[in-house]
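Remarks on the overall topology
Residue strings, one per chain:
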Amino acid sequence: MKVMKFGGTSVGSVDSILNVKKIVEAEQEPVIVVVSALGGITDKLIATSHMAAGGDSAYEVALAEIKKRHIDMIERLIPDGGQKENLLLIANQLLTELGGIYQGLYLIRDLSAKTLATIVSYGERISSRIVTTLVDGAEWFDSRNFIKTEQKQGKHILDSELTNRLVCETFARLPKVALVPGFISTDKNTGEVTNLGRGGSDYTAAIIAAALEADCLEIWTDVDGFMTADPRVISSAYTINELSYVEATELCNFGAKVVYPPTIYPVCHKNIPILVKNTFKPEGAGTIISNETKDGQKAIKGISSINDTSLITVQGLGMVGVIGINFRIFKALAENGISVFLVSQASSENSTSIGVRNEDAALACEVLNAEFAKEIEMGELGTVTAECNLATVAIVGENMKHTPGIAGKLFGTLGRNGINVIACAQGASETNISFVVARESLRKTLNVIHDSFFLSEYQVLNLFICGVGTVGGSLLEQIRQQRQKLMDERGLKLNVVGIASGHNALFCRDGIDLDNYRQLLAASEPSNIQRLHDEVIGMNIFNSVFVDCTASAEVASLYGDFLQKNISVVAANKVAASSAYENYASLKQTARARGVKYLFETNVGAGLPIINTINNLIASGDKILKIEAVLSGTLNFIFNEISADVPFSETVRRAKEQGYSEPDPRIDLSGKDVIRKLVILAREAGYQVEQEDVEKHLFIPQDFFDGSLEDFWKNLPTLDADFEERRCRLESEGKRWRFVAKMENGHTSVSLREVDKDHPFYMLEGSNNIILLTTERYKEYPMLIQGYGAGAGVTAAGVFADIMSIANI
């Protein structure tokens, strides 16, 4: 035989109770069915009690609603006839009794624990009668006759020996379906109505199952079973197929409200498996809890949390070496009914931290300050204070004890995501690592742990993309095209949670649809730099990366705050890396200190692996002695296009029309872009260089940069003759122009140089870039890197590669 328990949501509506009927009647063997009160009724009974005892006549309205809820349920569930009439008679009698009790409360203005226990019993007493009448062949048994408690230290505790004997006597003859109201009990000495506490219907079912040595205990609820984490917080959480009794107990004690914690012990003691199933999806497999679990691959089975935590700390040098301090702490708390669910003590013995509920914090401090008043007065201990509004997280799994490095990975992952651990505790059994964080970090904490320990189907990277121009637009399209492949082949999910343009910004924690992001962005709220800053930081999302595809100094100014908040930064924007050296160094240092990444490979050479190569050479012990490079795709295009048929002014115009140059080509012609790139390379090579340190040899007179853009275009053809004369000379000498950036032993310069056919730069085509690295190892034959150095597609691909390198941390 088996025992089946159905919770409040399972008997909360007509449809759900009909599901219960179907599930129970499908059983072939005898079953004992334990039911809770109709969903929400217990809370309503308690609230109405306080209204009546407080002299609020509105209790009558609440009572009428309780009566109507039950009578309506009967009218809709039970067909007309003798059974219905009998059930209505019983229900009305019970509801009349309940009304009399409420009226008495209203008159005497006093609510005792005994009276409240009697009142809340009516929920199960009526609901169980309804289900008994509905289910074919069901027979009702009053749990008050065989679930017995005794009073100890002001609490009603189960008398296990008496209860087990009475259960066996009561069910010596089992009908096809025995229907039992859960939760309620009676005092063995006085016969007064008591109860087993909130969630006690689970406990009732477990007590009966253990006493009768049932084959199985089934807990039917409104979820598919135990989940790897709270699905309301983590959308990718999934049902755990198997748990051990220990794992289930740990998860229950830390906030997983699937099963009432005391439920597990009685059946565990008799090795009776517990099956948790969903009343609304009975075909689901559910979660089986037993001594033997086959799912032995994952070290962590689930994550649970309590978002109602205060941390009380007792500290002082007077604790060191003193025996009995902890005894006094816990004795004082226990005597005042304060439950402690986490303890963390330094090995130096000078501090002990304990986790309690927020509502107990003030009393706990008061009690402990009184207990240690003498030591506090003498300065041996500090005043006991509470840090409130925290959250406690527990990772649970019996296989943790067989897996080295779990704690290291856990705290490393939290640190990289900017989550500060305030206190932690782990028992020698290694089935539970518990730690305390700020409450506002709870969502981020749960997500990053779930993702990092592969409980999620995918590793998730949450991206904020700033800039949807040529590079940003290409990047978003590349992500859209590659997204499914990355999920299928690498288990990596790129979740774009923010997109910003110069005018609007769109944010969605669950991810933005990249198929129509431009329409969504156009219809979104206007944006400015402050909103961008606040939204990115305020989302406080795990594994987050800010991707800057703009050229904005304002956007670049946000990097420091983002890195400080453990948000990695990938930048196609050159402003920050080429800004004052102090700012550049600060950003790099912040990224290292916070355990995140600041990557800007595409600042030089678009998608070419130039910066990464320099970093790898230096990391392996090499030293960069000299850098020579053609770094402007725009200028290289111009000097490759110039010919007898295409004058200089026309090549500049073509560069603009074909998208190689900035809208104002003077930015490229001034060499400013190349100077910034050279500064970045020199810094990455280990030299402290500012833009002002670069020696500039420009090829266009300064007055062309001083006037308006219109004047520039008007006057540009006046340079054509001079350039043509020089071009002809170059052609006759077999040479070409290249705008070369050079760094040698920290000295930097940019200039228009003439190179012959033997020089590596001579054959550089189109808008390509080329770089020569002379190092201590590559001295005689410098390392050469060459390829596309401009274009939205290759730049976006380089940004994409930086993003992927963060995913591979």
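For the structure given in this document, a descriptive report is provided here.

Calculation rules
Residues numbered from 1 in each chain as written. Predicted model: local features only at pLDDT ≥ 70, side-chain atom pairs only at ≥ 80, totals over all residues. Heavy atoms only, no water. Helix = DSSP H or I, 4+ residues; strand = E, 2+ residues; numbered from the N terminus. Rg over C-alpha atoms; globule rule 2.2 N^0.38 Å. Contact = heavy atoms within 4.5 Å. Core = buried A, V, L, I, M, F, W, Y, C linked by side-chain atoms within 4.5 Å. Buried < 20%, exposed > 50% of the residue type's maximum accessible area, 1.4 Å probe, protein only. Phe/Tyr/Trp six-rings, centres within 6.5 Å; stacked < 30°, edge-to-face > 60°. Pairing = 2+ DSSP bridges. Axes fitted to C-alpha atoms, helices over the stretch in contact; angles between N-to-C directions. 1 Å grid on protein atoms, 1.4 Å probe; cavity = no way out; pocket = protein on both sides within 12 Å on 5 of 7 lines; lining within 4 Å. Points joined across faces, edges and corners; volume = space filled by probe spheres on them. Nonpolar A, V, L, I, M, F, W, Y, C, P; charged D, E, K, R; others polar. Arc of directions from axis to C-beta.

**Quick word on the overall build of the chain**
Regarding its fold elements, the chain presents 29 helices and 30 strands. Against the globule reference of 28 Å for 809 residues, the chain gives a C-alpha radius of gyration of 37 Å, more extended than a compact globule. Projected onto its principal axes, the C-alpha positions of the chain cover 115 × 70 × 55 Å. For the chain, restricting intrachain contacts to residue pairs at least 6 apart in sequence, the fraction spanning at least 24 positions comes to 71%.

**Topic: the nonpolar core**
Among the nonpolar cores identified, the biggest contains 103 residues, and Ile449, Phe546, Tyr598, Phe648, Leu669 and Phe699 are the most heavily contacted of them. Examining the composition of this core, we find that seven residues originate from one element, helix α25 (residues 672-684), more than from any other. Apart from the residues lying within four places of it in its own chain, the contact partners of Phe546 are Phe464, Cys466, Leu532, Val536, Val555, Tyr559, Phe562, Ile567, Ser568, Val569 and Val570. Counting 43 residues, the second-largest nonpolar core is a separate cluster that includes Ala37, Val177, Leu179 and Trp220.

**With respect to the packing of aromatic side chains**
Aromatic ring pairs are defined here through the distance separating the ring centres and the angle between the ring planes. Under the criterion given, the structure shown has 18 aromatic pairs. Arranged with centres 6.4 Å apart and planes meeting at 55 degrees, the rings of Phe464 and Phe507 form a pair that is tilted. Taken as a pair, Phe464 in strand β19 (residues 459-466) and Phe507 in strand β21 (residues 505-507) lie far apart in primary sequence, 43 residues in all. Both residues of the pair, Phe464 and Phe507, count as buried.

**Section: the sheet that holds strand β6 (residues 177-181)**
Strand pairs in the sheet, formed through backbone hydrogen bonds, run parallel or antiparallel to each other. Read from one edge of the open sheet, eight strands run β3-β6-β2-β1-β9-β11-β12-β10, paired in mixed fashion. Either end of the sheet is taken by a strand with one partner, and the two such strands are β3 (138-140) and β10 (242-244). Adjacent strand axes in the sheet meet at a mean angle of 25 degrees, parallel and antiparallel pairs treated alike. With five bridges joining them, strand β9 (residues 216-221) and strand β11 (residues 274-278) adopt parallel strand pairing. Counterpart to Trp220 in the pairing with β11 is Lys277. Packing against the sheet, helix α1 (residues 14-25) makes contact with β1 (2-6), β2 (31-35), β6 and β9, and its axis sits at approximately 175 degrees to β1.

**Some points on the pairing of strand β18 (residues 432-438)**
Judged by how many residues are buried, β18 sits mostly within the fold: six of seven residues are covered. One ladder, built from seven bridges, connects strand β16 (residues 385-396) with β18; its direction is antiparallel. Looking at β18, one finds that Val396 is bridged to Asn432. Of the pairings in the sheet, the one linking strand β17 (residues 423-426) to β18 comprises four bridges and is antiparallel in character. When the sheet's bridge partners are listed, Gln426 is paired in β18 with Ile433.

**Examining the layout of surface pockets**
The method is simple in principle: a probe with the dimensions of a water molecule rolls over the atoms, and the space it marks as empty is what remains. What the second largest pocket holds in volume is close to 990 Å³. Together, 40 residues line the second largest pocket, and Thr470, Val471, Lys574, Glu662 and Thr795 are the ones closest to its centre. At the level of elements, α15 (470-490), α22 (633-641), α24 (666-669), α25 and α29 (792-807) are the ones that each hand at least two residues to the lining of the second largest pocket. Considering only residue class, the lining of the second largest pocket consists of 14 nonpolar, 20 polar and six charged.

**Comments concerning helix α13 (residues 406-416)**
Among the residues of α13, those classed as buried are Ile406, Leu410, Thr413 and Leu414. One face of α13 carries all of its buried residues, which in axial projection span an arc of 100 degrees. Tucked into the core, α13 has its buried residues touching β16, β18 and α14 (442-452). One or two positions beyond α13, positive phi appears at Gly418, with a value near 70 degrees.

Purely spatial values, then, with no claim about function.
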